[in-house]
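Here is how the chains run, residue by residue.
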Amino acid sequence: MLIKRAAQIIPFMFVLLATTNAHAGCVGSVVMGKCHGQMIDGVNEETPSYESNSGASYQYNLSDPSDRNDYSTDLDAQRRDQMSTDPRTGLDKNTGQYGGGVYE
């Protein structure tokens, strides 16, 4: 009975872990890409990998295929982009600069 129950739970746990978006360095909840818990020293999740000519900072450079792939599964970064009110992101798109996961 215990083995049968474990066989039912383990695949569910694997799916849950595979779909969880981890934030290295944050112990606690992450809301809109911001840690609302304790940060572990030495780990800085909010280092922008792409800064546009307008000065906007992004987590991803969507002109890079590897970043574009990572962005496609990062729901927090996509949510930040949807909620952003930074006018520089529109300027960036008009000039052919595509960043994802804007930091405000």
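Refer to the structure printed above.
Note that the structure is a prediction, hence the values are computed from the model and not measured.

### Observations concerning helix α3 (residues 75-83)
Since the α-helix packs 3.6 residues into each turn, any two residues three or four apart lie on the same face. Turning to α3, its buried residues are Asp76, Ala77 and Arg80. The arc that holds every buried residue of α3, seen down its axis, measures 100 degrees, which confines them to one face. More than 90 degrees from the buried face of α3, the exposed residues found are Leu75 and Gln82. Contacts from the buried residues of α3 go to β1 (26-31), β4 (57-61), α2 (65-73) and β5 (99-103). A distance of 3.2 Å separates the backbone nitrogen of aspartate 76 from a side-chain oxygen at the start of α3, and that oxygen is part of aspartate 74.

### Observations concerning the packing of α2 against α3
At a minimum axis separation of 5 Å, α2 and α3 run at an interaxial angle of 85 degrees. Taken together, the axis directions place α2 and α3 in an arrangement best described as roughly perpendicular. Contacts between α2 and α3 involve Tyr71, Ser72 and Thr73 on the former and, on the latter, Leu75, Ala77, Gln78 and Asp81. Split by residue class, the contact of α2 with α3 holds three nonpolar, three polar and one charged.

### Here's the deal with the pattern of salt bridges
In the structure shown here, the tally under the stated rule is two salt bridges. Between aspartate 76 and arginine 79 there is a salt bridge, and its shortest N-O distance comes to 2.9 Å. Within this pair, aspartate 76 and its partner arginine 79 are both found in helix α3, separated by three residues, close to a single helical turn. Note on aspartate 76: relative accessible area 9%, which makes it buried. Exposure remark for arginine 79: the relative accessible area of 35% places this residue in the partly exposed category. Between aspartate 86 and arginine 88 there is a salt bridge, and its shortest N-O distance comes to 2.8 Å.

Rules behind the numbers
- Residues numbered from 1 in each chain as written.
- Predicted model: local features only at pLDDT ≥ 70, side-chain atom pairs only at ≥ 80, totals over all residues.
- Heavy atoms only, no water.
- Buried < 20%, exposed > 50% of the residue type's maximum accessible area, 1.4 Å probe, protein only.
- Helix = DSSP H or I, 4+ residues; strand = E, 2+ residues; numbered from the N terminus.
- Arc of directions from axis to C-beta.
- Contact = heavy atoms within 4.5 Å.
- Polar contact = N/O pair within 3.5 Å; in protein donor to acceptor, adjacent residues only side chain to side chain.
- Axes fitted to C-alpha atoms, helices over the stretch in contact; angles between N-to-C directions.
- Parallel < 35°, antiparallel > 145°, perpendicular 65-115°, else oblique.
- Nonpolar A, V, L, I, M, F, W, Y, C, P; charged D, E, K, R; others polar.
- Salt bridge = Lys/Arg side-chain N within 4 Å of Asp/Glu carboxyl O.

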